[in-house]
Amino acid sequence: MREGRIGFKEAFSIGVGGMIGGGIFAVLGLSLELAGNGAPVSFLIAGIVALLSAYSYSRLTMRYPSRGGTVEFLVRGFGPGLLAGGLNILLIVSYTVMVALYAYAFGSYGASVFGGGLVLIHVFASLVIIAFTIINALGGGTSGRVEDILVGFKLAVLLFVVVSGIGMVSWGKFSPSNWPSFSNIVVGGMVIFLAYEGFELIANAAGEASSLRDLSKAYYASVSVVTVVYIAIALVSAGVLSASQVIRVRDYALAEVASLSAGAMGFYIVVAAALASTASAINATLYGTAGISYVVARYGELPGSMDRVVWRQAPEGLLLTAFISLVLVNGVGLDGIAFAGSAGFLVIFAMVSLAGYRLRREVKVNPVLEILGFLSSLTALVLLLYHTMVREPVQVALFIILLSASFTVEGLYRRLTGRRLSHIIDSRLAERERLKREWRKWVPHLIDAIGQVLKEFEVYLVGGIARGEVDRSHDVDLLVVSREKIRVEELEEKLVDITGFRMHPIHIHIAKPEEKEKWLRKSGEYRRLGGKSST
C-alpha cells in the first residue's frame, strides 16, 4: 500500500525522456558514419540489447524498489564490497561523460545556427554546463510538468522528421549488398547505445511508485517505443543523406535531414528540440542521477530523506561532475566521449544482468534471459573495444584509465575513511524489508480497518508470503473477498486514512465470493486471516 505519485504514465515518461535526452541528437551522425546503410539494423541491435537489460531492471525493481536504482541492484547482487563500490564510481563517471556528450550536442546544434565552427561549439558547450551548475547550486531545477511537456515535444519532433522525410528515402540503398561489414553495423549500434541508456532512470522512481507492476510495464513500453522511433529515424536519415553529407554534418545530422525534407523551418525545429533536450538532460543528470550515485559514494547509503538539502550538503559532487564534464567536452572529441559513454553503460548493464542471475532465486527471473542480457552487453562491449582499438587506440586507453580509476578511487577512499557501503543502500527499502518480515504484527490492524470500510468480507493471505517465500516476495498479498463494490484504489485510500500506513508493503486484491476459489487455487498456498459477516 503506497502513497506513490508515479504510475505507468509518469514512469513511461521518465523512461522515454531519459532515452530521448540528447543522445540521438548527439551521435546519430557518428552512428550513420560507422553503419552506413545498415544503420536501421544497428538501431535494432541496440534496442534488443537495451530490452534485455530492461528485463533485468524490471525484475530487480519489482523485488528491490529503491531510490538507489542501479547501485542498489549491484550491492544486492555482489555485496557491499569493492566491486559494487567501484561500479558505482564507474556509474558516476558514465553520467559525467553523458553530461559532456549532451553539452557537446548542445554546442554543435547551437553553433550550427551561426554557421558552425569548433570554437563556437566549445563556447556553447562550456556555457551550458556552467549555467546549469549554477542553477542546481542555487536550488533550481526543472519541474515534472515541464519535463512531461518536453518529452511530448521531443517525440513530436522526431516523428515530424520521419513523416516529412519518408518520401525522400532512396529505398534501394538498404539492400544488404550496400551494407558495410556486420562488425561495423554492430559497432554503429553500440555507439548509438548511449541513446538508449536512459530507461534505467525508472528504477530511481521506485520509491515513489503507486504500483511496481506499472513500473515493470513502463520499462518494456518505453524501450519498445523508443526503439521503433529510432529505427524510423535511422531509415529516413540513412535513406536521405549521402555518405559525404553525413561526414560534413555529422555533429548535427538530424537537423540536416529536417532541412532537406522541410526546409529552413524543419532545420530550426530540430535545432530547438536538440537544444531543449540536451539542456534538460544536463540539468536532470546534474541534479538527480549523478547526485544519487555521489551521495552513495560519499556516505555509503541513501539517507531517509532525499530532499534538496541532501544536495546542498554535498555541493562538491555537483562541482566535481561539472568540472570533469568541462574537461571532457573541451579535451576529448565527440567520438571519444560517445565511446566512453557507451562502453561505461555496457559494463554497468552487463553487471546488472549478472546480478539478476546471481539473485535469480530471490528475484524470480528467467535465468536464460539474464545470461542473454549479460552476454549481449559483454559481446557488444568487446566488439566496440576491438573496433575502436584498431581505429583510435587512445580512446580505448582513456576508457581503461577511467575504469581503473573508478576502482582505485573507491579502494583508496575506503582505506582512508573507513567508509563501507551499506548492505541495503536505501534506508526506506530496509524499512520495507523489515515490515514485510513482521507482517504478523501489523496486518491484523489492517484487517480491523477493512472492517470499518466493508460490512461483510473475508481476508486471505496469498502469494509468496503464504508459500513461505519471504525472501522472494516484494510485498504482502492480501485477497479481500466481498460482494460490496469498491475499487482497490478506493479501499487503499480509506485504509491509509484510518491506519496511517503509507509505505507498508501491501498489495491488495479484491474478488467477489464466486471468484474466491479461482483465486485461492491460483495462489496454491493461502491462509484465512479474518473477516466479518453483516449480521
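Residues numbered from 1 in each chain as written. Predicted model: local features only at pLDDT ≥ 70, side-chain atom pairs only at ≥ 80, totals over all residues. Heavy atoms only, no water.

Q: Explain the sheet that holds strand β2 (residues 476–481) to me, please; I cannot follow it from the model alone.
A: Across a sheet, strands are paired by hydrogen bonds formed along the backbone, either parallel or antiparallel in direction. In spatial order, the strands read β3-β2-β1-β4; together these four strands make up an open sheet with mixed pairing. Taken across any chain shown, the strands that pair with only one partner, and hence form the sheet edges, are β3 (506–511) and β4 (527–532). Pairwise comparison of adjacent strand axes, ignoring direction, gives a mean angle of 25° for this sheet. Where strand β1 (residues 457–462) lies against β4, five bridges are found, and the strand directions are antiparallel. If you follow valine 459 over to β4, its bridge partner there is glycine 530. Sitting on the sheet, helix α22 (residues 488–499) is in contact with β2 and β3, with an inclination near 130° to β3. (Pairing = 2+ DSSP bridges. Helix = DSSP H or I, 4+ residues; strand = E, 2+ residues; numbered from the N terminus. Axes fitted to C-alpha atoms, helices over the stretch in contact; angles between N-to-C directions. Contact = heavy atoms within 4.5 Å.)

Q: In this structure, what is going on with the environment of arginine 67? I would like to understand it.
A: Within the fold, arginine 67 resides in the loop between α3 (39–63) and α4 (70–78). Between the C-alpha atoms of arginine 67 and arginine 483, which are 416 residues apart in sequence, the distance is 38 Å. There is a polar contact of 2.4 Å between the side chain of arginine 67 and the side chain of aspartate 426. (Polar contact = N/O pair within 3.5 Å; in protein donor to acceptor, adjacent residues only side chain to side chain.)

Q: What should I look at first to understand unusual backbone geometry in this one?
A: Only a minority of non-glycine residues have a phi that is not negative, and only a minority of peptide bonds are not trans. A positive phi angle, close to 60°, is found at lysine 364, a residue other than glycine. Along the chain, lysine 364 falls in the loop between α16 (360–363) and α17 (367–391). A residue is classified by how much of its surface remains accessible, and lysine 364, at 33% relative accessible area, is partly exposed. (Buried < 20%, exposed > 50% of the residue type's maximum accessible area, 1.4 Å probe, protein only.)

Q: What is the right way to look at the packing of helix α15 (residues 334–358) against helix α18 (residues 393–417) in this model?
A: Interhelical geometry of α15 versus α18 gives an angle of 45° and a closest axis separation of 10 Å. Classified by the interaxial angle, the pair formed by α15 and α18 is oblique. Read as a crossing pair, α15 and α18 show a hand that is right-handed. The segment α15 lies against α18, with Asp335, Gly336, Phe339, Ala340, Ala343, Gly344 and Val347 engaging Gln395, Val396, Phe399 and Leu402. (Parallel < 35°, antiparallel > 145°, perpendicular 65-115°, else oblique. Left-handed = near helix turned anticlockwise from the far one by under 90°.)

Q: I tried to follow the pattern of salt bridges on my own but got confused; where do I start?
A: Oppositely charged side chains may form a pair once their charged atoms are brought near each other. The final tally for this structure, using the stated rule, is 20 salt bridges. Salt-bridge contacts for aspartate 426 lead to arginine 67; the nearest nitrogen and oxygen are separated by 2.4 Å. With aspartate 426 in the loop between α18 and α19 (427–437) and arginine 67 in the loop between α3 and α4, the pair connects residues that are 359 residues apart, well separated along the chain. Like aspartate 426, the residue arginine 67 is buried in the burial classification. In this structure, the salt-bridge partner of glutamate 410 is arginine 414, at a minimum N-O distance of 2.6 Å. A residue pair is termed a helical-turn pair when its members lie 3 or 4 positions apart in one helix, as glutamate 410 and arginine 414 do in helix α18 at four residues. Accessibility expressed as a relative area gives 1% for glutamate 410, which makes it buried. (Salt bridge = Lys/Arg side-chain N within 4 Å of Asp/Glu carboxyl O.)

Q: Help me understand the nonpolar core, please; the structure alone is not making it clear to me.
A: The nonpolar side chains of a soluble globular protein tend to be buried with one another. Within the largest apolar cluster, 141 residues are counted, with the highest numbers of intra-cluster contacts made by Phe25 and Tyr230. Not counting the four nearest positions on each side in its chain, tyrosine 230 is found in contact with Met19, Ile20, Ile24, Phe43, Leu158, Ala195 and Tyr196. Of all hydrophobic cores here, the second largest spans 23 residues; its members include Leu461, Leu491, Phe501 and Ile506. (Core = buried A, V, L, I, M, F, W, Y, C linked by side-chain atoms within 4.5 Å.)

Q: Can you help me understand the pairing of β2 in this one?
A: Burial of β2 is extensive: six of the six residues sit out of reach of the surface. The two faces of β2 match: Val476, Leu478 and Val480 on one face and Asp477, Leu479 and Val481 on the other face are all buried. Bridge count for β1 against β2 is five bridges, and the pairing is antiparallel. Along β2, the bridge assignment pairs valine 459 with valine 480. Relative to β3, β2 runs parallel, the two sharing six bridges. Looking at β3, one finds that valine 481 is bridged to alanine 511. Each parallel crossover has a hand, and the one from β2 via α22 to β3 is right-handed. (Right-handed = clockwise from strand over helix to strand, strands pointing away.)

From the geometry alone we can't say anything about function, so treat these as descriptive.
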